[in-house]
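Descriptive analysis of the structure
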Amino acid sequence: AQTVTQSQPEMSVQEAETVTLSCTYDTSESDYYLFWYKQPPSRQMILVIRQEAYKQQNATENRFSVNFQKAAKSFSLKISDSQLGDAAMYFCAYLEGYGNKLVFGAGTILRVKS
Amino acid sequence: DTGVSQNPRHKITKRGQNVTFRCDPISEHNRLYWYRQTLGQGPEFLTYFQNEAQLEKSRLLSDRFSAERPKGSFSTLEIQRTEQGDSAMYLCASSLVIGDRNEQFFGPGTRLTVL
């Protein structure tokens, strides 16, 4: 079974600074998708960024970018110019190649200090 | 609002009672997923539907749980004879699967508390 590990239960960042959240996963498949989801307190989960495993280029979405290392099975999220609104729980998730269920990590709480 | 909606948002019940949750997916989304999230953890897959067909159920889904998606639109998740261990956030997500693309959009969840 696929597993997703987020080794940082909690991270803090100063407003306007950069922070990196770590994620590793385990799979024997060669074709798959990876995601980062954001879950603000008492609010619904929203998709931050996605990465297709067959693409070597790292995905970027405005201030959010990933460092995808397929051989190392590592998928970290970098948030640049952190804002107070970035404070949330962040989940790394893996999707099987033909799109069934998402397998989530335990999450990382991100706190942004003003 | 054209997002995924879930009702009720909160449900408090006594142990042994039955509860039913509803999820309305984004229109035209052909897949609907149910996940369960306990405090401080990531969501765990329960089951999913492709249109009206239930295609996979997790081993987490005991016999007390049943889900339906009549006519391939909204879905219901029923828990019979609730137990305190059922207390959790129940999340619904929907997606429009095209080829191998499957981006899931989540609803706000139903928080269940079993006393």
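Structural data are supplied above this passage.
Below: a short report on this structure. Worth saying up front: this structure is predicted, and the values here are computed from it rather than measured.

Along the chain, B:R31 falls in strand β4 (residues 31–37). Here the side chain of B:R31 touches B:Y33 through a polar contact of 3.3 Å, side chain to side chain.

So, about the packing of aromatic side chains. All chains considered together, the criterion is met by 17 aromatic pairs over all chains. Ring centres of A:F35 and A:Y37 lie 6.0 Å apart, and the angle between their planes is 40°; this geometry places the pair in the tilted category. The same class applies to A:F35 and to A:Y37, which are both buried. Ring geometry for A:F68 and A:F75: centres 6.3 Å apart, planes at 80°, overall edge-to-face. Relative accessible area serves as the criterion here: at 0%, A:F75 is assigned to the buried category. When the ring centre of B:F45 is taken as reference, the NZ or CZ atom of A:K101 above it lies at 5.5 Å. It is B:R22 that lies over the ring of B:F74; its NZ or CZ is 3.9 Å from the centre.

To continue, consider the pattern of salt bridges. Two side chains that carry opposite charge are able to pair once their charged atoms sit near each other. Residues and elements named next belong to chain A. Counted under the stated rule, the structure contains 9 salt bridges over all chains. Between D26 and K73 there is a salt bridge, and its shortest N-O distance comes to 3.7 Å. One end of the pair, D26, is in strand β4 (residues 24–26); the other, K73, is in the loop between β8 (64–69) and β9 (74–79), with 47 residues separating them in the sequence. Among the residues examined, D26 registers a relative accessible area of 40% and is labelled partly exposed. For K73, a relative accessible area of 27% puts it in the partly exposed group. Two residues, R50 and E52, come together in a salt bridge whose shortest N-O distance is 3.6 Å. E52 matches R50 in its accessibility class, with the two residues each being buried.

Turning our attention to the interface of chain B and chain A. Contact with chain B, which involves 21 residues of that partner, is made by 21 residues of chain A. For the pairing of chain B and chain A, the buried interface totals around 1700 Å² over both sides, and the portion due to carbon and sulfur atoms is 47%. Across the salt bridge formed by A:K101 and B:E56, the nearest N and O atoms sit 3.0 Å from each other. Where chain B touches chain A, the interface holds 5 residue pairs in polar contact (both at pLDDT 80 or more). For the side of chain B that touches chain A, the elements supplying multiple residues, two or more each, are β4 and β5 (44–50) of chain B.

About the cut-offs
Residues numbered from 1 in each chain as written. Chains lettered and ligands numbered in written order. Predicted model: local features only at pLDDT ≥ 70, side-chain atom pairs only at ≥ 80, totals over all residues. Heavy atoms only, no water. Helix = DSSP H or I, 4+ residues; strand = E, 2+ residues; numbered from the N terminus. Polar contact = N/O pair within 3.5 Å; in protein donor to acceptor, adjacent residues only side chain to side chain. Phe/Tyr/Trp six-rings, centres within 6.5 Å; stacked < 30°, edge-to-face > 60°. Buried < 20%, exposed > 50% of the residue type's maximum accessible area, 1.4 Å probe, protein only. Lys NZ or Arg CZ within 6 Å of the ring centre and 35° of its normal. Salt bridge = Lys/Arg side-chain N within 4 Å of Asp/Glu carboxyl O. Contact = heavy atoms within 4.5 Å. Buried area = accessible area lost by both parts, 1.4 Å probe.

Fair warning: the whole summary comes from geometry, so function is off the table for now.
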